[in-house]
Structure formats: C-alpha cells, structure tokens
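Reading the structure
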Amino acid sequence: MTNHWIDLKNSDVVLVMGSNAASNHPISFKWVQRAIDNGAVLISVDPRFTQTSSKAHIYAPLRSGTDIAFLGGMIKYIIDNELYFSEYVREYTNASYIVNTSFKLAADNDGVFSGLTQTPAGGKYDKSTWAFVTGGDGLAMKDASLKNQQCVFQLLKKEYDRYDLKTVSKVTGTPEDKLTAVYEAYAKSGASDKAGTIMYAMGFTQHTVGVQNIRAMSIIQMLLGNMGVAGGGVNALRGESNVQGSTDHALLYHIFPGYLAAPTASIPSLSAYNAARVAAVKSSDPLSASWWTNYPKYMVSLIRSFYGLNATPEEGYAYFPKIDDGVNYSWLQIWDAAYKGDIKGAFAWGQNPACSGAHANKVRKGLAKLDWLVNVNLFDNETGSFWRGPGMNPSEIKTEVFMLPCAASIEKEGSITNSGRWMQWRYKAVNPPGEARPDGDIITELFLRVRDLMENEGAVFKEAFTKLTWEYGPKDFLGKLKGFNAHYVAKEINGYFLEDKVVNDKQYKKGDLVPSFVMLQDDGSTSSGNWIYTQSYNGDGNNSARRDNNDASGIGLFAKWAWSWPVNRRIIYNRASVDPKGKPWAKTKPVIRWVGGKWVGDVPDGGYPPLMNADGSRNPGAKLPFIMKKDGVASVFGPGLADGPLPVHYEPIECPVPSNLLNPKQLINPAIRRYDRPEIGSDIDNLAETCDPKYPILATTYRVTEHWQTGLMTRWQPWLAEMQPSNFVEMSEELADMKKIENGDQVKVSSARGEIMAVAIVTKRFKPFKVGDDIDVHQVGLPWHFGWRTTEEWQNDDTVVSKPEVYTFGDSANLLTPTIGDPNTSIPESKAFLVNVEKVKGGWL
C-alpha cells in the first residue's frame, strides 16, 4: 500500500475493484464504512454482486479479464472532460515529457507497441524506441502546455481515444449507464480538496495483464492527483497479515531484502554490481533526488548482515547466489522444472502447493518426481500427503516426505508487517503443542546441523554457508547458541555499526544499532538485513512494539503506534500532497505542510524544502517528491515493463469471445511466456481454444470469509468446516436453466487441465454478460480453499494419524487453472479461464 488501512477513512471516493474487501478483508471495511459515514461514495466493480457490492452506492458488473478496457475508458473520460488535476499532472508526473518520434503506440501499430519480436516462447520487446527526447544536458525535453503531439499526455490521449463508452461496454459487458456512473463519481476526486482510493487484490493481479491492470489504475490516480495524499493511493489488500513483510524480506526470486536486485551471473563483482545499479538510476536533473543512488550503502550493509566480519563485502558478494541471465525462477517455472525431474528436493514451508498453485495436477505430479520433500506446517495437508492422494500410486513414487510440525502465529513471538507497511510486534500467547516448534527454532537447528556437515565433510564452496553469522539468540559461557530469539533477528534486520564511526557529526560505537537508513555506509562499517527496516529496532527500542494510540495528526496517522517503513512514514510520496510552495492541496486533511522552514505532519519523503519559495522563485536544494523514481516524478509513461509503456486491453489466454474489439489484430498479450509450447513448457500444459465449444463458460476463483488460503488451518476447525463444508460453483439463473441445473445439485466442473466436483449455487449474484455483437458470456466462480485431505473418503487409511473432526468435500479449484502468467511477474492467470459445468447424475457426495 502507498497509504494504510486507517487512511481509507479520509477518502471521498472508494473504488473496490479486483477485490471483495467486505468479505475477504472485513476489518478494512471498518475504515471504508467510516469514509461512507463521512460522505464518501463507495464503488464496487466485480463480475459478481459481492458483499462489498451490497454496501456500495454504485455497482458495475465486469467480465473477468477486461479491467484495462474498463479503466482505459475512465482515462478517456477524465481527459476528454478535462477533469484531471492539471497542476499536479504538470509538476509531479512525466506527462509533459516528449517521447521519441520512432515510438509507435499500440493504437497505431496493430495493437502492439514498436519493437516487438516474436519468439517460440512468446513475444519480446526491444524497448529502444520507448525513450524520451533529451536535450544537450541529457535531460528529457518537456512541454509544460501538454500540447506537443509527442508528449506523454497527448500520446496517452491518443492511445485511449478508442476506449469510448460503447466499445468499452461491448468488451466488458458493463452497461453504458454504469460506466458513466462510475467514471463520473470517481473523476470527482480530481478536485484539489478531494481524494479517491483504489482497493485491489488478486482480482487485479492474477491475469496475463496483471501488472498493467495496476498500471492503468495508477495512471488514473496520477491524472487525478491522488498519489501521496490522505485518502488516496493505490492500495493492495494482502491475503494475510504478513504478506507485505515476506515480500519486503525477499520472498520473490528476483529481489534481495529491501527490493535490491538479485545479482546475476554476468556481474561477477560487487563493484560492478553497484556501478550498474547506480548508473541505471542516476539523474543529472538537479531536482531529482535519485535516492536509489544510495544502492551501494544498502547492498554492502546487507552483505555485512549475512557475513559480518567473516568476509569482506567483495567476498560476501561472491558467496551470494547468482541468477543466470534471462532465466526465470518464478512459481510456474519451479514446478515446470519439478515436473521435468530437474529438482531433487524441496521445502514446502507454510505453504500447500498441491492446492494453492495454478494447474495443481502438474504440481502434484512434480512432487512425485522429487527425491525428498520437507513439509513444514501446522497440519498435514495435500502437499505432505500428495503420494496417497487422488490418482497417485504410492508404490510408484520415490519421494521421501518429512513432516516438521511448526507453531502457529499465536504460539510464537515476532513481528508482522501488514498491507499498510506497519510493522507490529506480536507476543506469544500459548506454547505450541507436542513436537511443534517455532519456525525460527527449526531454521536455526537446520542451519547448525548443515553447517557442521559442510565443515566435516568438505562440501564444495562451503564458505558461502559456513562463514554466515548466526547471532540469533543468547549464548552459553562456551559461546554456543542456547536458542532462537526473535529480538536478535529484529535487531540484525535493523542493522549495527560494526566499528566506531562518526556520521553526521555524531559518534557511534561498535555494536550500536543504526538509528536510520540514512546512516548506512558503503565502506563495510554498517550492517542491515533490510535497509527499509532500519529504524525499526534502534536506540529507542523495539519501535514495532509501540502502542501509543494518540493521534496528533488528526487524520489517523497514529505515528507512535507500531512502526511503518520507511522511517515511520505513513503515506508514501507525501510531498506530492502539497503544492510547489509546500501548501497542502487539501486544506482539511493535510499530510504534511511547510511551516517556519520545516515540514510538519507525517515524516516527509526526504527532508528537502518545497520546490518554490513563497515569492514563486525556485528553492535551491529542493527535490521533486517521487524520490525513488529516477526523474523524481511519477511515470504515466512507464518504459520499464515487459509488455508496454502504457496498458493495453488484451483478452485472457483462454478467451470466451472471438476477437479483441479494441485491438482487432492482437487478441492476447503478445509478451506472455507460453508454457503450452514445447520450446518452454511441458506436455501437460493444455489450454482451451478461443471460444472453445468444449469449455464455453468463463470462470474465476475467489475466497470466502470462513476459510484461510487453501484452508490449511480452517478446514481442520469443525465450526468453520460446518459453516463452509463444500466446494461450490456459483452460477447465474440463466446458465443454470440452460444446463438444467438446480440449486444444490452436484456438478462436475472441468477445464483443459482437470476436473473437480462441486455443489451448484444458483444465484442472482451472477448475470450473463452481453458483449460484442449480442454475444452472451456466462461466468461462474469457485472458491479455492478446498482439498482432498479433509474429505472423508481419504481418511479410512489407518496410517493417517491426524484426522479432522468434521469433513469437508471437494478438491482444489486450482486443478482447473492454467499454467500461464503475466510477462512481468509470472503470476498465474487464475481469475479468467474457460470451463464446462455438467450436472452429475446420482450425485457424488
């Protein structure tokens, strides 16, 4: 989130799109309701009439996979009606930048941008034309009037000119009057004293255009001046309480902690790595802070947190694993490699890949080709017991499975970082049962044993492991670690001074905690496990444990409750909430303001003065507000993505309509990675054809309030299993009538990859979408929480020790979803795929 949960109450318009906050993030809805009580308008855009829709002032139905068409129509509406916040757009975005004349819009180039080359695995762009025209000083040339036909604003206008109401309605299935109602209501947030926010989740991201869905909404927020302001922002609703924290600490393969780029094999030295990173972000514009030029400080300090003084920074960099250039190590690629037998062993830690991943049949077959699998979890699940699941013959499976029972969140101490970037400390309530242990204890024992093995058995390149520091608990008089303690980890994440050092005229001693990331050094004298968390646990103590609920800001910043990265800033890019003279755009809900030569309010994005003095003259030393961007401004035109500098509507890979009405010559995203092709994927990666008669129905997956993720914890709780006992498929009355299905019937849902059984829920919440030239598209929805492990038919084996008190029915909806992903992130397209639904004669329960 750019903002935070409580800040939702400051919104004048709340757009919930790609999420169902009332059901899946119910506590967040407290603050949405607070905004409504203050006069805000709530808009729900969803394929299904959800719990959120029932509370909304405006509900607009939307065919899954057409978000960019919907949002592109809003961009056109805002520009055509001159509802954009012109001063904000000119001062704080790259809308005025002039683009290379060789660049071609998708609107002028058969639905693709200039530079596309097709390969067997999918398309790839040469981005050389996606560049700005520069002057003699090397800076982008601009047109403050926004009238130059090659400036970003005019290109934006041209690209979305074809997204008129009638065409958008034919693509999305959203009635024109609903489109107008949404556009009109949300565009009102472009007034300087108003703010609009977007609340999105997996309904935005799990598409082959997932990143561009978010980009489209970001462009709208830039046009309306909704970034950096109270009640604004682009706000991701995370799926559980610490998803943000796990991302910050490098859960994903391509980043190290603090969003540092993972080293690649082509850059063998630390000096070369740092030079390349700085060169990529350095700007000669005196108004640009180019904050990422501090990269060397953060990387060197990270290396020190791994190896301490056991290795020089250069040696530590050499020990770090490197990504082979151009190789993808994402979720889909990992399981493709497992299916092909290229992975020997795996840890499934707090996960259930046999149910949670796209094309779960492929994942399960991949598990059967491992030599060993370690399942670290609260309960046994479909992953740990895959070998005895549906379609498996244990006598043919070589995988040796180990189960390590671990502690639940209330059974261990430590921090979580929520969607709003608030790091909050949680204390242990009870001890874990039986042999279950906290994750930190398990990891520590694994490390110590593996280190001993490497030392004693002469492992190859053992220093990369054996030289790691592991100061994660108190030691006995012999210097041996007595046990794991989360406070020691939190302090290492914050970082230490490793030698006596004077920084900013202040003396620090070896062993002192670093006060803030501005104190980190590139000479090896400081450590930090994650630079954006430096300040979280410093000389003031454990700041994430603070519980002062007084709010001096008046807008709900609660600056002394817990701690927010970076440096306790509650709203990112908050200097965009003021005009160039430092006066808040919204006088009644200021985030910061320039008073008496200093900023008052939230922690400002850099301590720089306003761009202008009170007399209108430029302020020396001032910097633009988007300090993490190379140019200091927000990117309406974003050339960094794999599939285009502007969002374009493309249909899902499994498409229910015969053509792309907005781009007739390009049906799907041209840059996606095609696992259905032998050059890259496997023989099991089947896809439905466009308008496939075998699979004529559009499907999506979602969550219910009563279950958690793949139901690992909740399916084992009898009261929750009783409330939501079965996999189900929601469908419209019209589709049910066509299929001769009644409410409560037992049905089979099938795709090109597999099938599951479910109970039919016939409801008014779904309606057929009228698209194109009078085509009816029927859509169904399925929850993805279920799995065979808690069904009664799999509990008769006497070797199964742990059995639920109340059984659930049905297997994972991810047996249906495709192996296809977004070209930027490789997130699977689980929110738009094709299925068939058939009534099962005689039932299956």
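Counting from 1, residues in each chain are numbered in the order their sequence is written. Where totals are concerned, whole chains, interfaces and linings use all residues; where local detail is concerned, this predicted model gives features only for residues with pLDDT of at least 70, and gives and counts side-chain atom pairs only at 80 or more. Water and hydrogen atoms were dropped before computing side-chain values, which therefore reflect all heavy atoms in the structure.

Concerning the sheet that holds strand 6 (residues 196-200)
We call two strands paired when DSSP finds no fewer than two bridges between them. In this text, helices come from DSSP runs of H or I with a minimum length of four residues, and strands from runs of E with a minimum of two, each type numbered from the N-terminal end. Taken in spatial order, the five strands make up an open sheet running 3-2-1-6-7, and their pairing is parallel. Every other strand in the sheet has two partners, leaving strand 3 (58-61) and strand 7 (234-236) as the edge strands with one partner each. For this sheet the average axis-to-axis angle between neighbouring strands, irrespective of direction, equals 20°. Bridge count between strand 1 (residues 13-17) and strand 6: four bridges; the pairing is parallel. Bridge pairing in strand 6 places L15 opposite I198. Contacts: residue pairs with any heavy atoms within 4.5 Å of one another. The axes are straight lines fitted to the C-alpha atoms, using for helices just the contacting stretch, and the angles between their N-to-C directions are given from 0 to 180°. Helix-sheet contacts for helix 4 (residues 67-80) involve strand 1, strand 2 (41-46) and strand 3, and the interaxial angle to strand 1 is about 155°.

Things to note about the side chain of S812
By the element assignment, S812 lies in the loop between strand 29 (779-783) and strand 30 (820-821). A distance of 3.0 Å separates a polar side-chain atom of S812 from the backbone nitrogen of N814. Dropping the residues within four chain positions of it, S812 is found in contact with C355, R364, I756, F786 and G787. By the criterion applied in these results, polar contacts are pairs of N or O atoms within 3.5 Å in which, for protein atoms, one can donate a hydrogen and the other can accept it, and in which residues neighboring in sequence qualify only through two side-chain atoms.

A short note on the sheet that holds strand 12 (residues 400-405)
Strand order in the open sheet made by the three strands is 10-11-12, with parallel pairing throughout. Each edge of the open sheet is held by one strand with a lone partner, namely strand 10 (345-349) and strand 12. Along the sheet, successive strands turn relative to each other by an average axial angle of 15°, direction set aside. Where strand 10 and strand 11 (residues 372-377) come together, five bridges link them in parallel fashion. Its bridge partner being in strand 11, W349 is matched across the sheet by V376. Helix 18 (residues 439-457) rests against strand 10, strand 11 and strand 12 of the sheet, and its axis sits at about 160° to strand 10.

Observations regarding the packing of aromatic side chains
The pairing test for Phe, Tyr and Trp rings, Trp by its six-membered ring, is centres within 6.5 Å, and the orientation test on the planes gives stacked under 30 degrees, edge-to-face over 60, and tilted for anything in between. What the rule picks out here adds up to 44 aromatic pairs. With centroids separated by 5.0 Å and ring planes inclined at 40°, the aromatic side chains of W292 and Y295 adopt a geometry described as tilted. Assigned by exposure class, W292 and Y295 land together as buried. Three or more aromatic residues link up through ring pairs in this structure, and these residues are Y273, W291, W292, Y295, Y298, Y317, F517 and W531. Whether a charge sits over a ring depends on NZ of Lys or CZ of Arg being within 6 Å of the ring centre and within 35 degrees of the ring normal. Over the ring of W422 we find R570; its NZ or CZ atom is 4.4 Å from the centre of that ring. Only protein chains enter the accessibility calculation, which uses a 1.4 Å probe. A residue is then buried if its area is under 20% of the maximum for its type, exposed if over 50%, and partly exposed in between.

Brief notes about unusual backbone geometry
Going from W565 to P566, the amide bond is cis rather than trans, its omega being -5°. Note on placement: P566 falls in the loop between strand 19 (563-564) and strand 20 (592-595). One non-glycine residue, N504, adopts positive backbone phi at about 50°. Position of N504 relative to the elements: it lies in the loop between strand 15 (501-503) and strand 16 (506-508). Residues other than glycine seldom take positive phi values, yet Y573 does so here, at roughly 60°. Note that Y573 resides in the loop between strand 19 and strand 20.

Quick look at the nonpolar core
Ranked by internal contacts, the top residues of the largest apolar core, which has 81 residues, are F70 and L223. Broken down by element, the residue count for this core peaks at nine residues, all from helix 4. Among residues more than four places away in sequence, those in contact with F70 are M17, V45, A60, L62, V168, T172, T174, L179, V182 and Y183. Among buried residues, the Ala, Val, Leu, Ile, Met, Phe, Trp, Tyr and Cys ones that are joined through side-chain atoms within 4.5 Å form a nonpolar core. By size, the runner-up hydrophobic cluster in this structure holds 46 residues, among which are A289, Y295, Y317 and F320.

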